[in-house]
Amino acid sequence: MISDLMLVVGVGVLSAALRSFRQAFLFRLGTLGLVATSFLAGWLLGGSLILGVFFAAMWFLLPWLEILTRIRRLRLPLDRRLTPSTPPTRAVFPQFSELSDEMEAAGFVFVEDTAWSHEATRQFFRVFQNAASRTIAAICFVEKNEFAFYYITFTSRTADGRTFLTWNYPFSFGLRLPPAYALNRVDGEKPIPDLVTLHETFLAAHGIARPDLRDVPPDEVTADMQRELRAQLDHNLACGLLVKDGPEMIRYSVRGMFFLWFQFLRDFVRLS
């Protein structure tokens, strides 16, 4: 029994150590080690192979607790109207001023502070534009109850209706992007100049040059963003991930909840 306990503890400690590395392979190996630790705890300490399988499976079933208790009841507006807004305070978003300075140093000009909100959910955008590269950038800050996070986006739109988006959104996105979108997802926190370079490389890899891009007047940038927000929701309604709940509200369908579960699993492997 002591040897079994030492084996479980040893695998658990090794898994935790692997998760402390930044290398993706070692992260994921540590994640699998956590699943293995749970299995060994049920099998060796609980004395049952079935219990071991159950303990290991709990890692993959836990997201359903969030989906069935909170997300199933979640209702959000279909029309997410962006309005001028004050920035978040330094207490809730301490990196904001530094990120804004970095963005301007990278050649982007401030356009507007805007946001949409509904009950306990608020999404704020500080929007910038670089006329020379015809690129729109935004510092995005999301608040949901006590939970908050930020991410950076760089968006270039072509004259034929395609959108090229580079972002460091920290989770697997909870909606499908429309077919006209090409997404360049950047893992981890990187300085804004590095993100600019990655976006330029992304455009070049798709054969997109400056003359191919739309030149959006500054006073139309926010309106473009709002149209894209609505197009994204309409696309997910058409895909069946979202359904209408009355004329003005939407919610996740059963299919959408399974989609979220798979996204949670991707994050579990990628981020744990």
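The shown structure was predicted, so the numbers you read here are calculated from the model rather than taken from an experiment.

A. View of helix α6 (residues 192-205). The end-to-end C-alpha distance of α6, which contains 14 residues, comes to 20 Å, matching closely the 20 Å that a straight helix rising 1.5 Å per residue would cover. Here α6 has its buried residues at Ile192, Leu195, Val196, His199, Phe202 and Leu203. With its buried residues spanning 120° around the axis, α6 presents them on a single face. Away from its buried face by more than 90 degrees, α6 exposes Ala204 and Ala205. Among the structural elements, α5 (96-105), β5 (135-144), β6 (147-157), β7 (163-167) and β8 (181-185) are those in contact with the buried residues of α6.

B. Highlighting the layout of surface pockets. Volume-wise, the largest pocket comes out at about 1300 Å³. Broken down by secondary-structure element, the contributors of at least two residues to the lining of the largest pocket are β4 (121-130), β5, β6, β7, α7 (221-239), β10 (249-252) and α8 (254-271). The residue makeup of the lining of the largest pocket, split by class, is 30 nonpolar, nine polar and eight charged.

C. Structural detail: the nonpolar core. Counting 33 residues, the largest nonpolar core has Ile67, Phe125, Tyr151 and Tyr252 as its most contacted members. Elements with a contribution of two residues or more to this core: α4 (63-69), β4, β5, β6, β7, α7, β10 and α8. Not counting residues up to four positions away in its chain, the partners in contact with Tyr252 are Ile71, Gly174, Leu175, Leu241, Leu242, Met257 and Leu260. Counting 18 residues, the second largest nonpolar core, distinct from the first, contains Phe108, Phe128, Ala137 and Leu195.

D. Highlighting unusual backbone geometry. Notably, Glu119 is not glycine yet its phi reads approximately 50°, a positive angle. Among the secondary structure elements, Glu119 is positioned in the loop between β3 (109-118) and β4. Using a relative accessible area of 73% as the deciding quantity, one classes Glu119 as exposed. The backbone phi angle of Arg134 is positive, close to 55°, even though this residue is not glycine. Relative to the assigned elements, Arg134 resides in the loop between β4 and β5.

E. Structural detail: the sheet that holds β4. Within the open sheet, the seven strands sit side by side as β2-β3-β4-β5-β6-β7-β8. Their pairing is mixed. Two strands close off the open sheet at either side, each with one partner strand: β2 (83-84) and β8. Alignment of β2 against β3, held across two bridges, turns out to be antiparallel. Counterpart to Pro84 in the pairing with β3 is Thr114. Where α5 meets the sheet, it contacts β3, β4, β5 and β6, and its direction lies at approximately 25° from that of β4.

F. Looking closely at the sheet that holds β10. Strand order in the open sheet formed by three strands is β1-β10-β9, and the pairing between neighbours is antiparallel. Here the strands that pair on one side only, and so sit at the sheet edges, are β1 (76-77) and β9 (242-244). As paired strands, β1 and β10 are joined by two bridges and run antiparallel to one another. Paired with Leu76 across the bridge in β10 is Ile250.

G. Representation of the environment of His206 within the structure. Along the chain, His206 falls in the loop between α6 and α7. Residues contacting His206, with those up to four places away along its chain left out, are Phe164 and Ala182.

H. Structural context of a nonpolar patch on the surface. Taken together, the side chains of Val254, Phe258 and Phe262 make up a nonpolar region of the molecular surface, amounting to roughly 310 Å² of accessible area. One can find Phe258 in helix α8. The partly exposed category is assigned to Phe258, whose relative accessible area is 41%.

I. Highlighting α7. Here α7 is 19 residues long and its end C-alpha atoms lie 27 Å apart, about the 27 Å a rise of 1.5 Å per residue gives. Among all positions in α7, only Val221, Thr222, Asp224, Met225, Gln226, Glu228, Leu229, Gln232, Leu233, His235, Asn236 and Cys239 are buried.

J. Summary view of the packing of aromatic side chains. Taken as a whole, this structure holds 22 aromatic pairs when the rule is applied. Of the aromatic side chains, those joined through ring pairs into one cluster are Phe147, Phe149, Tyr151, Trp167, Tyr169, Phe171 and Phe173.

Reading the values: the criteria
Residues numbered from 1 in each chain as written. Predicted model: local features only at pLDDT ≥ 70, side-chain atom pairs only at ≥ 80, totals over all residues. Heavy atoms only, no water. Helix = DSSP H or I, 4+ residues; strand = E, 2+ residues; numbered from the N terminus. Expected span 1.5 Å × (residues − 1). Buried < 20%, exposed > 50% of the residue type's maximum accessible area, 1.4 Å probe, protein only. Arc of directions from axis to C-beta. Contact = heavy atoms within 4.5 Å. 1 Å grid on protein atoms, 1.4 Å probe; cavity = no way out; pocket = protein on both sides within 12 Å on 5 of 7 lines; lining within 4 Å. Points joined across faces, edges and corners; volume = space filled by probe spheres on them. Nonpolar A, V, L, I, M, F, W, Y, C, P; charged D, E, K, R; others polar. Core = buried A, V, L, I, M, F, W, Y, C linked by side-chain atoms within 4.5 Å. Pairing = 2+ DSSP bridges. Axes fitted to C-alpha atoms, helices over the stretch in contact; angles between N-to-C directions. Patch = residues over 30% accessible without salt bridge, like charges linked within 9 Å, V, L, I, M, F, W, Y side chains within 5 Å. Areas by Shrake-Rupley, 256 points an atom, 1.4 Å probe, with all protein chains shown as cover. Salt bridge = Lys/Arg side-chain N within 4 Å of Asp/Glu carboxyl O. Phe/Tyr/Trp six-rings, centres within 6.5 Å; stacked < 30°, edge-to-face > 60°.

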